[in-house]
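Take a look at the letters that make up each chain.
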Amino acid sequence: MSVKKFCATLVLVLLFNLTADGSSKVLTLHYPPDKSVVESDYMSISLSTIEGFDGHLKVEVNKDETTKILPGQFRCFRVALYPGINTIDLLAESGGKSVDQISITVFRRSSIISRYRIPPPEFTMAFFHMQDHSECTGCHVLDPTEADRKPANILKLSAKSGNEMPGSSVSTCYSCHKGILSDKYVHGPVAVWSCLSCHDPDSDPRYSVKRPDSDMCYECHLEEMKIWSSKKYVHGPVNLGKCTICHKPHASDYPFYLLKQSWDLCVSCHVDSATGKHVIGDAFSTKGHPTRGYPDPLRKGGELVCASCHNSHASSFPNLWKYEVESLFDLCQKCHNK
Ligand code: HEC
Ligand code: HEC
Ligand code: HEC
Ligand code: HEC
Ligand code: HEC
Ligand code: HEC
Ligand code: HEC
Ligand code: HEC
């Protein structure tokens, strides 16, 4: 080792408690554990730096650099994830040099992308609220208060309520989970931080939700339940009560809190219909009916999508036609009588 390099190392050792083998204690990662399974599009990270560290932190997700320069000893933030395995590199830099690095991998599971449905065996689900986090409670409140437990008056919610953000005075959950409202459309009970109307604080694992999803959703969406259960034909996943296979429970960038754009959502399961040659009867055995790319004649301002002709939940007809008609011909007439 050259004298110059030795001196530089010595300075680093003195400044940041570097150990002789080069590993350092600048960064301590408190959350998440390496090899976690994540169910959402993002992951919260909480780490601390040693006292006196005046550098900055660089965060790379899959080598895509996002630099964060955050003051303070405790650093809490969120990163966006892709489906599948994500590599997260946390680099502490000071004076243009890297002084410490922690790398972890997490698996973003997805129930609608088949190759990401089952995590590789080395990844495990780490329920945050099932572990001791006394190192967080110096700054955050972790146990729900009476106010959190009070049922929200959902009758007071309108479709517009989704854009209001009451903030930390309303909920204990806010300080860590405020990012949940960052999507365009926010579901009513989430917008008013009525988290415990779906998440049970006394369950095991803590904050579990009722399954199947329909048991949870129908507590408020009673009208829909009545209508759909009165129909002769119910869509496969609805019949199984799997509402969250299509809907996000909290918020989404798509209307109706859908996981994807409506058309993309349908073809993620109905792959054959994605060709754009949806066959409707003999007249179309060679040429399919368009399923997108035109306005929907029956919904002002809406695009033609699968749900223009099909009901996503239930119908009186085997092919889940959206409209109450007597025959296939009548269905065509709905749009083609002009
Ligand atoms: C020294 C104080 C402190 C400690 C200890 C602390 N945090 Fe934080 N945390 C904060 C502050 C300040 C914020 C920002 C709050 C705000 O902007 O409203 C925050 C925000 C967060 C966020 C939200 C980040 C975002 O960008 O949405 C999460 C998640 C979080 N903390 C998790 C944790 C966890 C987990 C622990 C324990 C391992 C922890 N924090 C310990 C101070 C702390
Ligand atoms: C100290 C920060 C903090 C507070 C306060 C907090 N959470 Fe969390 N919670 C987390 C972190 C971190 C995760 C892991 C997921 C992630 O990356 O955001 C998590 C995960 C969860 C999960 C998924 C299951 C699990 O245990 O991993 C649920 C559900 C949840 N929180 C609900 C709540 C509710 C409801 C409240 C309010 C009563 C709350 N949390 C308050 C930090 C916090
Ligand atoms: C309408 C019911 C409902 C409400 C209200 C609700 N959640 Fe959830 N939450 C769920 C369901 C269902 C899941 C499981 C995820 C899935 O199946 O897609 C979940 C999962 C989570 C997770 C795990 C990671 C993720 O994002 O999927 C966190 C964290 C969480 N909820 C926090 C909260 C917080 C904080 C609130 C209050 C603002 C809240 N939830 C309100 C139904 C709800
Ligand atoms: C605690 C009561 C409550 C629960 C539980 C609940 N919702 Fe809602 N939901 C509402 C309220 C209130 C609205 C109206 C405000 C809005 O548009 O978000 C709503 C609206 C919706 C909408 C938009 C309706 C429209 O016509 O625009 C969808 C989609 C939806 N919920 C799906 C779900 C799903 C899926 C579940 C189960 C994961 C669920 N909800 C559970 C209260 C609830
Ligand atoms: C196959 C995907 C899918 C499943 C599964 C699903 N939905 Fe929907 N849902 C949609 C789509 C798409 C819309 C938007 C309206 C449309 O275009 O049909 C919607 C709309 C809604 C609405 C708005 C009112 C309405 O009738 O249009 C509510 C409420 C709702 N869903 C609740 C639920 C509940 C509760 C479940 C579980 C029992 C569920 N959904 C299961 C795709 C689905
Ligand atoms: C999570 C997977 C999934 C998604 C997403 C999905 N479907 Fe389905 N769909 C199914 C299953 C499973 C069946 C039942 C298949 C069977 O019985 O042959 C079904 C059946 C149907 C049928 C009836 C077929 C028949 O033979 O009667 C129609 C129509 C349909 N889906 C339309 C849609 C539309 C429109 C969307 C988007 C709003 C959609 N599906 C999204 C899984 C899905
Ligand atoms: C213009 C109206 C229309 C549109 C748009 C449409 N469908 Fe259909 N779909 C029908 C009709 C009508 C039938 C019944 C065909 C028959 O009886 O020969 C049908 C049948 C089906 C079936 C059951 C038969 C089969 O092919 O397996 C599924 C599943 C289906 N559609 C899914 C979709 C999906 C997914 C989309 C979007 C990519 C879509 N449909 C778009 C009218 C439509
Ligand atoms: C929800 C509305 C809707 C329904 C229901 C519907 N169509 Fe269409 N159809 C359209 C739209 C939109 C187009 C594309 C614009 C156009 O050509 O007018 C289209 C185009 C067509 C075309 C021209 C295709 C081409 O490639 O040029 C034919 C033929 C057709 N439809 C027949 C039918 C038949 C047969 C049925 C009943 C089985 C039917 N449509 C049901 C909306 C609908």
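Since the model is a prediction, treat every value here as computed from it, not as a measurement.

So, on to the site of ligand 5. The local shell around ligand 5 holds 20 residues, among which Cys217, Cys243, Cys246, Ala307 and Ser312 are the closest. Among the secondary structure elements, those contributing two or more residues to the shell around ligand 5 are α5 (213-217) and α7 (236-239). The element contributing the most residues to the shell around ligand 5 is α5, with three residues. Considered class by class, the residues forming the shell around ligand 5 number nine nonpolar, eight polar and three charged.

Most often, soluble globular proteins have nonpolar side chains that are buried together. Val26, Leu27, Leu47, Leu90, Ala92 and Val106 are the most contacted members of the largest nonpolar core, which totals 13 residues. It is strand β7 (residues 84-94) that provides the largest number of residues to this core, a total of four residues. Setting aside chain neighbours within four positions, we find Leu27 in contact with Leu47, Thr49, Leu90, Ala92, Asp100 and Ile102. In terms of nonpolar packing, the next biggest core, distinct from the first, is built from eleven residues, Tyr174, Ile180, Leu181 and Val186 among them.

Here the focus is the confidence of the model for the protein. Predicted confidence across the protein gives a mean pLDDT of 86, with 84% of residues reaching 70 or more. Segment residues 6-23 is flagged for pLDDT under 50; beyond a separation of four residues in sequence, or across chains, it makes 14 contacts in the model. Under a pLDDT of 50 for its full length, residues 157-166 has, in the predicted model, 15 contacts with residues more than four places off or in other chains.

About the cut-offs
- Residues numbered from 1 in each chain as written.
- Chains lettered and ligands numbered in written order.
- Predicted model: local features only at pLDDT ≥ 70, side-chain atom pairs only at ≥ 80, totals over all residues.
- Near = placed C-beta within 6 Å.
- Helix = DSSP H or I, 4+ residues; strand = E, 2+ residues; numbered from the N terminus.
- Nonpolar A, V, L, I, M, F, W, Y, C, P; charged D, E, K, R; others polar.
- Core = buried A, V, L, I, M, F, W, Y, C linked by C-beta atoms within 7 Å.
- Buried ≥ 20, exposed ≤ 12 C-beta atoms within 10 Å, placed from the backbone.
- Contact = placed C-beta atoms within 7 Å.
- pLDDT = per-residue confidence, 0-100.

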